[in-house]
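Topology and contacts: notes
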Amino acid sequence: MICVTPDGDWYIDSRTRNCGSPNDSKHRCWVRHGTEGGTLRVDKNGLTCSADAGSLQCGDFHGFLHNGELYSC
Ligand SMILES: [Zn+2]
């Protein structure tokens, strides 16, 4: 699944640069909840690693994906 941010495409299931478990292939650096129809959010609730706090960095955009919308921080 791809999220279009103001500064490029972000692959939600990709591995973050500062992944806390770089040798583990089971976890997700961002855990998806909801559906893309409007409730989609990502956070750190689930099988994840220690990196970040659920925020995403894509180019110059840094923020969160909550309830289907991006929030910069
Ligand atoms: Zn990770």
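Structure: see above.
Only a predicted model underlies this, so the values are computations on that prediction, with no experimental measurement involved. (Residues numbered from 1 in each chain as written. Predicted model: local features only at pLDDT ≥ 70, side-chain atom pairs only at ≥ 80, totals over all residues. Heavy atoms only, no water.)

This part covers a nonpolar patch on the surface. Residues Ile2, Val4 and Tyr11 make up a contiguous nonpolar surface patch of roughly 320 Å² in combined accessible area. Position of Ile2 relative to the elements: it lies in strand S1 (residues 2–5). Overall, Ile2 belongs to the partly exposed group, its relative accessible area being 44%. (Patch = residues over 30% accessible without salt bridge, like charges linked within 9 Å, V, L, I, M, F, W, Y side chains within 5 Å. Areas by Shrake-Rupley, 256 points an atom, 1.4 Å probe, with all protein chains shown as cover. Salt bridge = Lys/Arg side-chain N within 4 Å of Asp/Glu carboxyl O. Helix = DSSP H or I, 4+ residues; strand = E, 2+ residues; numbered from the N terminus. Buried < 20%, exposed > 50% of the residue type's maximum accessible area, 1.4 Å probe, protein only.)

Note that S1 and strand S2 (residues 8–11) share four bridges and pair antiparallel. For Cys3, the partnering residue across the bridge sits in S2 and is Trp10. Joining the antiparallel neighbours S1 and S2 is a turn of two residues. (Pairing = 2+ DSSP bridges.)

By the definition in use, this model includes one aromatic pair. Ring geometry for Trp10 against Trp30: centres 5.0 Å apart, planes inclined by 85°, an arrangement best described as edge-to-face. Of this pair, Trp10 sits in strand S2 while Trp30 sits in the loop between S2 and strand S3 (31–33), placing them 20 residues apart in sequence. With a relative accessible area of 4%, Trp30 lands in the buried category. (Phe/Tyr/Trp six-rings, centres within 6.5 Å; stacked < 30°, edge-to-face > 60°.)

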